[in-house]
Amino acid sequence: MHEFSLALEVIDLARREAEKNQAENILEISIEVGDLSGVEADAFESALELVVKDSVLHKAAIVISRVAGKGICNACDLEFDMHHRLATCPQCRSFPSIISGGEEFRVVSLVVE
Ligand SMILES: [Zn+2]
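What you are looking at is a predicted structure, and each value in this text was computed from that prediction instead of being measured. (Residues numbered from 1 in each chain as written. Predicted model: local features only at pLDDT ≥ 70, side-chain atom pairs only at ≥ 80, totals over all residues. Heavy atoms only, no water.)

Quick word on the nonpolar core
To keep it simple, the criterion reads: Here, nonpolar core refers to any group of buried Ala, Val, Leu, Ile, Met, Phe, Trp, Tyr and Cys residues whose side-chain atoms link them within 4.5 Å. When accessible area is computed with a 1.4 Å probe and restricted to protein chains, residues below 20% of their type maximum are described as buried, those above 50% as exposed, and intermediate ones as partly exposed. Helix and strand definitions follow DSSP, with helices as H or I runs of at least four residues and strands as E runs of at least two, each counted in order from the N terminus. Pairs of residues are marked as contacts when any of their non-hydrogen atoms sit within 4.5 Å.
Judged by nonpolar contacts, the single largest core of 20 residues is most densely connected at Val10, Ile26, Ile31, Phe44, Leu48 and Leu57. Within the residue set of this core, elements represented by two or more residues are helix 1 (2–20), strand 1 (26–34) and helix 2 (41–52). For Phe44, the contacting residues outside a window of four places in its chain are Glu3, Leu6, Ala7, Val10, Ile31, Val33, Val39, Ile64 and Phe105. Within the second largest apolar cluster, six residues are counted, among which are Leu36, Cys73, Met82 and Cys89.

Below you can see the structure in the form of structure tokens.
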């Protein structure tokens, strides 16, 4: 599963970060998941919960924030909330639109012990 391998990557990143800081544990990790990133936030969170045991993240508070999808219409320049990648413009119904937000998947902060 896609979310599962992302969870392992996040643990890997956290472990390298802990080593760099000579820390044994991470106390908090914040991750942003965009609604249009292709990552299912709930599935990712469950996957992460499964793999944190016995990792540097076992003590960490995991904060996952979702970023809403935003699009800008190519035809009329309207910026609108985009719930999926293939959404049409709510004003003029044209397609496609430029995705201006919600594609991110990233670790925004790590607090080491
Ligand atoms: Zn439009």
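Here the narrative resumes.
Side note on the sheet that holds strand 3 (residues 70–73)
Hydrogen bonds between backbone atoms are what pair the strands of a sheet, whose relative direction is either parallel or antiparallel. Let me state the cut-off plainly: Two strands qualify as a pair provided that DSSP identifies no fewer than 2 bridges between them. An axis is simply a line fitted to the C-alpha atoms; with a helix, the fit covers only the stretch in contact. Between two such axes, the angle follows the N-to-C directions and lies from 0 to 180 degrees.
A sheet is described by the order of its strands in space; here three strands give the open sequence 4-3-5, paired in antiparallel fashion. Every interior strand has two partners, whereas the edge strands, strand 4 (79–81) and strand 5 (97–101), have only one. On average, each strand axis in the sheet is inclined to that of its neighbour by 35°, with strand direction left out of account. Relative to strand 5, strand 3 runs antiparallel, the two sharing four bridges. The residue of strand 5 that forms the bridge with Ile72 is Ile98.

Some remarks on unusual backbone geometry
Each neighbour pair has its own omega, and for Phe95 with Pro96 the value is 0°, a cis peptide bond. With respect to the helices and strands, Pro96 occurs in the loop between strand 4 and strand 5. The phi angle at Asp54 is positive, at roughly 65°, despite the residue not being glycine. Position of Asp54 among the secondary structure elements: in the loop between helix 2 and strand 2 (61–67).

Let's talk about the coordination of the zinc ion
For clarity, the threshold we go by: Note that water is not among the atoms considered, so a metal site may appear incomplete; the donors listed are N, O and S atoms within 2.8 Å of the metal, with 3.2 Å applied to Na, K and Ca. Metal sites are grouped by the angles between bound donors: all angles between 85 and 135 degrees with four donors is tetrahedral, opposite donors over 155 degrees apart with the others between 65 and 115 is square planar for four donors and octahedral for six, and any other pattern is irregular.
Bound to the zinc ion on the protein side are Cys73 (SG), Cys76 (SG), Cys89 (SG) and Cys92 (SG), at distances that span 2.3 Å. What the four donor atoms of the zinc ion show is an angle range of 106 to 116° at the metal, which sorts the shape as tetrahedral. Written as a sequence motif, the donor residues of the zinc ion are C-x2-C-x12-C-x2-C. With a gap of 16 residues between them, Cys76 in the loop between strand 3 and strand 4 and Cys92 in the loop between strand 4 and strand 5 connect regions that are remote in the sequence. Exposure remark for Cys92: the relative accessible area of 34% places this residue in the partly exposed category.

Details of a negative patch on the surface
The cut-off we apply is this: Residues enter a patch when their relative accessible area is above 30% and they make no salt bridge; the linking distance is 9 Å between like charges and 5 Å between nonpolar side chains (Val, Leu, Ile, Met, Phe, Trp, Tyr). We get accessible surface area from the Shrake-Rupley algorithm with a probe of 1.4 Å; when it comes to residues, only the shown protein chains can shield them. We count a salt bridge whenever a side-chain nitrogen from Lys or Arg sits within 4 Å of a carboxyl oxygen from Asp or Glu. Neither His nor the chain ends contribute to the count of charged residues, in which Lys and Arg are positive and Asp and Glu negative. Lysine's charge is taken at NZ, arginine's at CZ, aspartate's at CG and glutamate's at CD.
There is a patch of like negative charges on the surface, built from Glu40, Asp42, Glu45 and Glu49. Residue placement: Glu45 occurs in helix 2. For Glu45, a relative accessible area of 32% corresponds to the partly exposed category.

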